[in-house]
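# Fold and geometry: a report
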Amino acid sequence: MSEGFRSAAVSIAAAVLLSACGGEGSSDDNRNGAESLTLDQKVSAVAKINGITGDPTTGRTLPSITDPKARLGMQLFFSKALGGDLDSACVSCHHPLLGGGDNLSLSIGVEAVLPDLLGPGREHRMDGHEYDGGPTVPRNAPSTFNIVFYDEVLFHDGRVESLGKANPNGEGDAIRTPDSAFGVADVNAGANLSAAQARFPVTSPEEMRGHTFQAGTTTAALRTALEERLKGEDMEMALAAMNDWLSAFQTGFADPMGVADDLITYDHIADALAAYQNSQVLVDNPWKDYLAGDTKAISDDAKRGALLFYTPVAKGGAGCSGCHSGDFFTDEQFHVVGMPQVGRGKGDGVVEPHDNDYGRFRETKEDDDKFAFRTPHLLNVAKTGPWGHAGAYTSLEAVVRHHLNPQLAFDNYDLSQLAPFVQTQTDNIVLNTQQALDQLAALRLAGKSKLVNADLTDVQVSQLLAFLNALTDPCLDDRDCMAKWIPGDDVPDPDGLRVKALGTL
Ligand code: HEC
Ligand code: HEC
């Protein structure tokens, strides 16, 4: 887009704000002095007002997957050696060919029938620990793509959190984690939010730790046990056919003479996992191309969808950018939107089997935070379903429509979209979800909610969806492009415990 075009956009910005927008027929004709504007000029103006460039990478240094540390991180990410019972790896729930997630509503980590079967079809073993017919992990796995752009919080409830909120990805900030009290820095958190987060999946019995691996009761003892395993001091791994982790760490940390005690530490494991994940930058989407001047990069429907997205409900829009703001599409704040609560929950709620999930309240203990979850970013969102903190929605249209009228959406919620084994766990879905919706109603009455019901036509909903679809980086659909984040035969498998995804992945 030319500079002249940009300044024209600024001068007409006010007119666009006043104009009706978004609807078929209403977006191109209006009575507020903007009648001469083309659709492209309107979108450009709205982007300008909202400070949107389409490129979240501006001003950041991003690691590359060619960095040795990121490549070590990839080896670790794919290895079941970090799973206590050797049956679960990070990639079990965050595969690059599954949008950086697992394409399941609720994740299945340890005790899968087939540990290397990822995505739909992955099921929990019936003889598993506390097996009740459904997944034991209570929340949906978010994508690891683009997490480098989160500067304030990770996890649905933000329990890994930058206290300074001053730097990209929390780099160099004091970081709070589940190992420290709310608001208190974890001195071992590491260099950035991604490294801090990478300390925790291994400690979760349902995700990776398992139920038989004995490693003391503290998270520190567990991590020490994993270090010992990778160093070859653990019986099981000593018996394994091979253990070449020392040379992998020597390469990853560019220290060819380094010794295991210095190199194979959990801090280094987390650091490498963070480098690998932070290299998963997938932001080259049509919306970015469009804002860079290629007016044909997105359809007219997507352009109208953009206008709806960035226009408040009171002005005829859908009001999405009130929370999904900026080029990373999130304010990193917590909001109650009342998405259906399915699965086994986080032990919250007064009714057996305590299958509710209070979200951010679990961390802050502030009443207003009950049922609040972090606004997720929307890059590649068409590829990261199922959606919502519990993966209750299996279509993008349904999760978008939920925002337009949450109570109505839940009244019409179709349980059959859930896999049978998730349905079996939804005893209290009405009770639990209605509590969240009642909380939303109360916050709205008190003027504390940013979620406003919007009455959109079906055409407008399809325009919003066209816009969201324009946020997908084509790399995601291109195996050759994604291959750099999947270890091929040329990348050493230090212990023979690499997940080699079965089937079509
Ligand atoms: C059993 C499936 C499973 C495994 C294995 C797993 N994760 Fe996750 N991951 C999840 C789920 C579920 C969440 C959301 C949890 C929450 O917010 O409470 C999550 C959250 C995350 C997040 C936060 C993303 C965000 O948007 O805030 C990152 C980063 C992440 N995982 C990385 C990893 C790494 C690194 C490993 C290995 C050390 C790993 N995961 C292993 C399921 C899994
Ligand atoms: C009040 C703040 C707010 C507004 C306004 C808002 N959202 Fe959201 N959105 C959220 C939160 C919070 C979540 C996560 C809720 C959960 O996980 O339970 C979410 C989730 C989503 C998801 C699912 C993402 C995922 O990875 O699971 C999509 C898609 C989405 N929003 C699109 C939209 C669209 C389109 C609009 C405008 C119609 C919109 N949002 C308006 C706060 C908001």
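What you are looking at is a predicted structure, and each value in this text was computed from that prediction instead of being measured.

### Some details on the overall build of the chain
When you go through the chain residue by residue, the secondary structure sums to 20 helices and 5 strands. For the chain, whose C-alpha radius of gyration is 23 Å, the value lies close to the compact-globule estimate of 23 Å for 505 residues. Considered along the principal axes of its C-alpha atoms, the chain spans approximately 80 × 55 × 45 Å. Counting across all 505 residues of the chain, residues that qualify as buried make up 55%. When the accessible area of the chain is evaluated, it comes to approximately 20400 Å², of which 53% is carbon and sulfur surface. Taken together, the 40 basic and 70 acidic charged side chains of the chain have centroids lying 3 Å from each other.

### Some details on the site of ligand 2
Looking at ligand 2, there are 23 residues lining it, with Cys 320, Cys 323, His 324, His 389 and His 403 nearest. At a separation of 2.9 Å, an oxygen atom of ligand 2 approaches a polar backbone atom of Gly 388. At 2.8 Å from a nitrogen atom of ligand 2 is found a side-chain nitrogen or oxygen belonging to His 403. When residues of the shell around ligand 2 are traced back to their parent elements, those giving at least two are β5 (372-374) and α15 (396-404). When residues of the shell around ligand 2 are assigned to their parent elements, the largest contribution, 4 residues, is made by α15. In the shell around ligand 2, the residues fall into 14 nonpolar, 7 polar and 2 charged.

### Side note on a nonpolar patch on the surface
Taken together, the side chains of Val 113, Leu 114 and Leu 502 make up a nonpolar region of the molecular surface, amounting to roughly 250 Å² of accessible area. Positionally, Leu 114 belongs in the loop between α4 (68-77) and β1 (153-154).

### Topic: the environment of Pro 56
Mapped onto the elements, Pro 56 comes out in the loop between α3 (39-49) and α4. Along the backbone, Pro 56 and Asp 327 are 271 residues apart, and their C-alpha atoms lie at a distance of 5.1 Å. In this view, Pro 56 contacts Phe 149, Val 283, Asp 327, Phe 328 and Leu 379; residues no more than four positions away in its chain are not counted.

### Some remarks on the nonpolar core
If you look at the biggest cluster of nonpolar residues, it comprises 77 residues, and the most contacted ones within it are Trp 287, Phe 309, Phe 329, Val 342, Phe 467 and Leu 468. If you count residues domain by domain, this core takes at least three from each of domain 1 (68-280) and domain 2 (320-453). Sequence-distant contacts of Phe 309, that is, excluding residues within four places in its chain, are made with Gly 319, Cys 320, Ser 321, His 324, Phe 329, Leu 378, Leu 464, Phe 467 and Leu 468. Counting residues in hydrophobic clusters, the runner-up holds 46 residues, among them Leu 98, Trp 245, Ala 272 and Leu 273.

### Thoughts on the domain arrangement of the chain
Split by domain assignment, the chain resolves into domain 1 (68-280) and domain 2 (320-453). Each of domain 1 and domain 2 has a C-alpha centre, and these two points are 26 Å apart. Listed per partner, the contact involves 35 residues of domain 1 and 37 residues of domain 2. Buried area between domain 1 and domain 2, summed over both chains or domains, comes out near 2900 Å², and the portion from carbon and sulfur atoms is 50%. Across the contact surface, domain 1 and domain 2 share 3 salt bridges. Among the ionic pairs, Asp 357 bridges to Arg 139, the shortest N-O distance being 2.7 Å. For the pair domain 1 and domain 2, the number of links is 15 residue pairs in polar contact (both at pLDDT 80 or more).

Criteria and thresholds
Residues numbered from 1 in each chain as written. Chains lettered and ligands numbered in written order. Predicted model: local features only at pLDDT ≥ 70, side-chain atom pairs only at ≥ 80, totals over all residues. Heavy atoms only, no water. Helix = DSSP H or I, 4+ residues; strand = E, 2+ residues; numbered from the N terminus. Rg over C-alpha atoms; globule rule 2.2 N^0.38 Å. Buried < 20%, exposed > 50% of the residue type's maximum accessible area, 1.4 Å probe, protein only. Areas by Shrake-Rupley, 256 points an atom, 1.4 Å probe, with all protein chains shown as cover. Lys, Arg positive; Asp, Glu negative; His and termini not counted. Charge placed at Lys NZ, Arg CZ, Asp CG, Glu CD. Near = heavy atom within 4 Å. Polar contact = N/O pair within 3.5 Å; in protein donor to acceptor, adjacent residues only side chain to side chain. Nonpolar A, V, L, I, M, F, W, Y, C, P; charged D, E, K, R; others polar. Patch = residues over 30% accessible without salt bridge, like charges linked within 9 Å, V, L, I, M, F, W, Y side chains within 5 Å. Salt bridge = Lys/Arg side-chain N within 4 Å of Asp/Glu carboxyl O. Contact = heavy atoms within 4.5 Å. Core = buried A, V, L, I, M, F, W, Y, C linked by side-chain atoms within 4.5 Å. Domains from an automatic or database assignment. Buried area = accessible area lost by both parts, 1.4 Å probe.

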